[in-house]
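An overview of the molecular structure
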Amino acid sequence: MKSQDIRKAYLQFFESKGHLIVPSAPIVLKDDPTLMFNNSGMAQFKEFFLGNGTPKSPRIADTQKCLRVSGKHNDLEDVGFDTYHHTMFEMLGNWSFGDYFKKEALAWAWEFLTEVLKLDKDRLYVSVFEGNPAENVPFDQEAFDIWKQYVSEDRIILGNKKDNFWEMGDQGPCGPCSEIHIDLRTEAERAAVSGRSLVNADHPQVVEIWNNVFMEFNRKADGSLEKLPAQHVDTGMGFERLCMAMQNVTSNYDTDVFTPLIAKVEEITGLQYTSNEVKNISDEQNKTNIAIRVIVDHVRAVAFAIADGQLPSNGGAGYVIRRILRRAIRYGFTFLNTKEPFINKLVPVLADQMGEFFPEIKSQQQLVTNVIREEEASFLRTLEQGLQLLDKVVAEASDKEIKGEKVFELYDTFGFPKDLTALILKEKGYSFNESEFDAELQKQKDRSRAASEVSTEDWQVLIPGNVETFVGYDQTENEVKITRIRKVDSKKDGVLYQIVLDNTPFYPEGGGQVGDKGTLVSANETIAIIDTKKENNLILHFAKQLPENVNATFVAKVNTDLRTSTSKNHSATHLMHLALRTVLGTHVEQKGSLVNPNYLRFDFSHFSKVTDEELRQVEASVNAQIEAQLQLGEYRNIPIQEALAKGAMALFGEKYGDTVRMIEFGDSKELCGGIHVKNTAEIWHFKIVSEGAVAAGIRRIEAITGEAVKDFFAQQENALASIKETLKNPQDTLKAVVSLQDENAKLKKQIEQLLKEKAKNLKGELASQLQDVNGVKFLATQVDLNAEGAKDLAYELGNLGTNLFLVLATADEDKPMLTCYISKELVAEKNLNAGQVVRELGKYIQGGGGGQPFFATAGGKNVAGIQEALTKAVDFVK
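The structure contained in this document is the topic of the report that follows. Just so you know, these numbers come straight off a predicted model, no measurement behind them.

**Let's talk about the packing of aromatic side chains**
In this structure the tally under the stated criterion is 33 aromatic pairs. Both rings, one in Tyr10 and one in Phe112, keep their centres 5.5 Å apart while their planes meet at 85°; by these two values the pair is edge-to-face. Here Phe112 lies in helix 3 (residues 102–116) and Tyr10 lies in helix 1 (residues 3–16), a separation of 102 residues in the sequence. Across the pair, exposure class does not vary: Tyr10 and Phe112 are buried alike. On the basis of an interplanar angle of 70° and a centroid distance of 5.6 Å, the ring pair of Tyr411 and Phe437 is categorised as edge-to-face. Taken together, the residues Tyr411 in helix 14 (residues 404–414) and Phe437 in helix 16 (residues 434–452) connect sequence positions 26 residues apart. Its relative accessible area of 30% is what places Tyr411 among the partly exposed residues. Among the aromatic residues, those joined into a ring-pair cluster are Tyr10, Phe13, Phe14, Phe112 and Trp210. Over the face of the ring belonging to Tyr125 we find Arg155, whose NZ or CZ atom lies 4.6 Å from the ring centre. Taking NZ or CZ as reference, Lys710 lies 5.0 Å from the ring centre of Trp684, over its face.

**Structural notes on the sheet that holds strand 25 (residues 590–595)**
Spatially, four strands are ordered 25-26-31-30 in an open sheet, and the strand pairing comes out antiparallel. Looking along the sheet, the strands with just one partner apiece sit at the ends: strand 25 and strand 30 (686–695). Along the sheet, successive strands turn relative to each other by an average axial angle of 15°, direction set aside. Across six bridges, strand 26 (residues 600–605) lies against strand 31 (residues 698–705) in antiparallel orientation. Pairing of Leu600 across the sheet is with Ala703, part of strand 31. Sheet contacts for helix 18 (residues 612–627): strand 30 and strand 31; angle to strand 30, the most-contacted strand, approximately 135°.

**Overview of the packing of helix 13 (residues 365–396) against helix 14**
Describing two packed helices takes the angle between their axes plus the distance from one axis to the other. Where helix 13 contacts helix 14, the axes come no closer than 11 Å and their chain directions differ by 160°. By the criterion of interaxial angle, the relationship of helix 13 to helix 14 is roughly antiparallel. Crossing geometry of helix 13 relative to helix 14 is assigned as right-handed. Residue-level contacts link Thr382, Gly386, Leu389, Leu390 and Val393 of helix 13 to Lys406, Leu410 and Phe414 of helix 14. Considering only residue class, the contact of helix 13 with helix 14 consists of five nonpolar, two polar and one charged.

**Some words on helix 22 (residues 787–798)**
With 12 residues, helix 22 extends 17 Å between its outermost C-alpha atoms, agreeing within 8% with the 16 Å of an ideal straight helix rising 1.5 Å per residue. Gly789, Ala790, Leu793, Ala794, Leu797 and Gly798 are the residues of helix 22 that are buried. Residues of helix 22 that are buried in the fold lie against helix 21 (733–767), strand 34 (804–810), strand 35 (817–822) and strand 37 (855–859).

**Quick look at the nonpolar core**
Ranked by internal contacts, the top residues of the largest apolar core, which has 117 residues, are Phe112, Leu113, Leu242 and Ile343. In terms of residues, this core owes the most to one element, helix 9 (residues 283–307), which gives 14 residues. Aside from chain neighbours lying at most four places away, what touches Phe112 is Ala9, Tyr10, Phe13, Leu117, Trp210, Met237 and Leu242. Grouped together as the second largest cluster of nonpolar side chains are 40 residues, Leu785, Leu793, Tyr821 and Leu870 included.

**Considering the side chain of Thr255**
Along the chain, Thr255 falls in the loop between helix 7 (239–246) and helix 8 (259–269). A polar side-chain atom of Thr255 sits 2.7 Å from the main-chain carbonyl oxygen of Asn252. Dropping the residues within four chain positions of it, Thr255 is found in contact with Glu240, Cys243, Met244, Gln247 and Val249.

Thresholds, definitions, all that
- Residues numbered from 1 in each chain as written.
- Predicted model: local features only at pLDDT ≥ 70, side-chain atom pairs only at ≥ 80, totals over all residues.
- Heavy atoms only, no water.
- Phe/Tyr/Trp six-rings, centres within 6.5 Å; stacked < 30°, edge-to-face > 60°.
- Helix = DSSP H or I, 4+ residues; strand = E, 2+ residues; numbered from the N terminus.
- Buried < 20%, exposed > 50% of the residue type's maximum accessible area, 1.4 Å probe, protein only.
- Lys NZ or Arg CZ within 6 Å of the ring centre and 35° of its normal.
- Pairing = 2+ DSSP bridges.
- Axes fitted to C-alpha atoms, helices over the stretch in contact; angles between N-to-C directions.
- Contact = heavy atoms within 4.5 Å.
- Parallel < 35°, antiparallel > 145°, perpendicular 65-115°, else oblique.
- Left-handed = near helix turned anticlockwise from the far one by under 90°.
- Nonpolar A, V, L, I, M, F, W, Y, C, P; charged D, E, K, R; others polar.
- Expected span 1.5 Å × (residues − 1).
- Core = buried A, V, L, I, M, F, W, Y, C linked by side-chain atoms within 4.5 Å.
- Polar contact = N/O pair within 3.5 Å; in protein donor to acceptor, adjacent residues only side chain to side chain.

These values are about where atoms sit, not about what they do.
Written out as structure tokens, the structure reads:
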């Protein structure tokens, strides 16, 4: 049974059981500050389990793209070494929100596996929670009794809290679970050792395929449990593992989820992958297999993350994606001998495989390909840099063991992998101190963990029920009551309080727009609200202190100055999006944005630099829309299909409900939940301040509006006045500047000529200072020239004959520079290398450099070290 058919069968089965089939949420989470990525099927439904929202249906099923590479669920380092861990995987899931419970969930799981898919019942084992008296959670007798109807008792395993009690996190919904495991070993292996003994023992062919979680508790901050108001079912089945079972193979990578990608890697590299059925393979072949598994797994994670809007970057979620891709690149570099970008060539295969169920990978195929190719090229250059740095480390080593701190520096600063370093060192006859490396890595992890450590107390509910309303589209202040509060303590921000209101005018951060700031005012006090965010469908108002009387009535007041500036920038973003599509073409799509009171930032897909003329056209278009005084058209809670029919643009990677809000300014129509001006005239003026590349095929524009433009023009006017004053107030300022530049160019040429002549004059003087050291004409001295003059002088002296070893030092503008010239005959005969010489002597001027064996330079920071460097130069020829 093909993977596509297995996926269809699952969704059709649960549709027949009254479940609403919903699309996968984006793999990148934009509206959940507690998670970087969607790491489980239930992540998009958290608000329903917490009672903060109402689902479209009490029964839902889907297949969810998941990514587990950070935090509690981190499988990255296992990927490739075994045959069943993945970074990205699909989770088939069915949910009940206060509807059915254990009886139906377990019956349907068994029916689907054994009657629809016809898996061998004798290969299946189930587990139930054994109970935990310390937490007053009993043995799951109900699940045990249900399973007895389908399997013999010797196939029911009692599991402890680690294996059979599922928790969303340290706090939140949780409950006992019942897993289904399958034994995929051969008949002979099964006869020799019982599958029961291998359940939850990390056996690669005895694996969990389905987990039925019965959400009935809430874990509080103090670790205690309380009953949830309703009982829920949350199930998750590993799609890749199910395919393995259905396709009679013993590795996920031998299923048709991965074999087309593996075939493409084989075609590109000329190397062969051996399936899990082949035994006793060589160490070399095993390394090849691991590398290919890493690559075909990682390209899925990276491609879908990019398609959902997360570009590789140096921080946050973008850094995680960059790290995954770089792991794949260096496995190819080290073990498959791939020195050119090639992973991007797997994207079309992936798009053909998964485009039917996940259309975003098809529609974003070109962008994904371009971004991965550029990232590959960039990291391969970094690897080359790393090789040069490693050569330097080896050259400076006092023995055959390199210090672990040095290897960690390469890893931390340049992204140079530890195992690649080990491999290269081994080839050179060196090793490194691994315990020192691990100690440095642990220190970094501890620093990172400490910086991100957050302690969150339980909610103190003041007014029960889900009564919160957002009124910020119509009001900037209104009377409110506090419904719940909690304390949050973090290393980064210190102690803060999160406050939820019964109705709020404060806009929570979302859609690129920053959260509102303002105050809560009662008869006796004023509390500053420093930020507003949304989490699990609750709008959280952040304050550094709580009111003395939390039960009082308050007036919530938004800072309207900040709100007004932000709304101008947000509306201008929409106008610019339309202008970019008009000027550059309809291929332009939004790939990210930031809207705050000071400026707007907009990332978009485009294949080349936006020219100055195109930027002028975009500016003119936006300002024309501002001058046209376009009224805001706002459509709240309209069906999404109606909004799309009206021409609204939906953004890739965003999660939309059945009803949406559409914002319209003339021809600009977008789905958006943000705050906007009532009329474009309020924006006053729009000015682009920068344009540049973010990644391959992605450009970024930063722009300003309103008061910021007035300030910008005032600064430009002041700068022009200063220039005029400096130039003695000429009648034609531009002509005066051009004249000054011409004069400067002439003077530069004259100086260059004078320095060349000075170098020629020095040639005779220095030639007389050459000493004979072991048959070598040696000179190390400081000269009063710039770097270019020292180079000319070195070559002039080099023309005098063979056997010359020369080191010249300069300190032009207090910047020390060493220039080394060695006759080519000496390089060959005495194995001397100018690059190695300047690297060594460069230490004395607190710098470094390199070059060719016969000519090299090194710059530094310490002028005082020049004399010592010159004194040590003779050691190379003694």
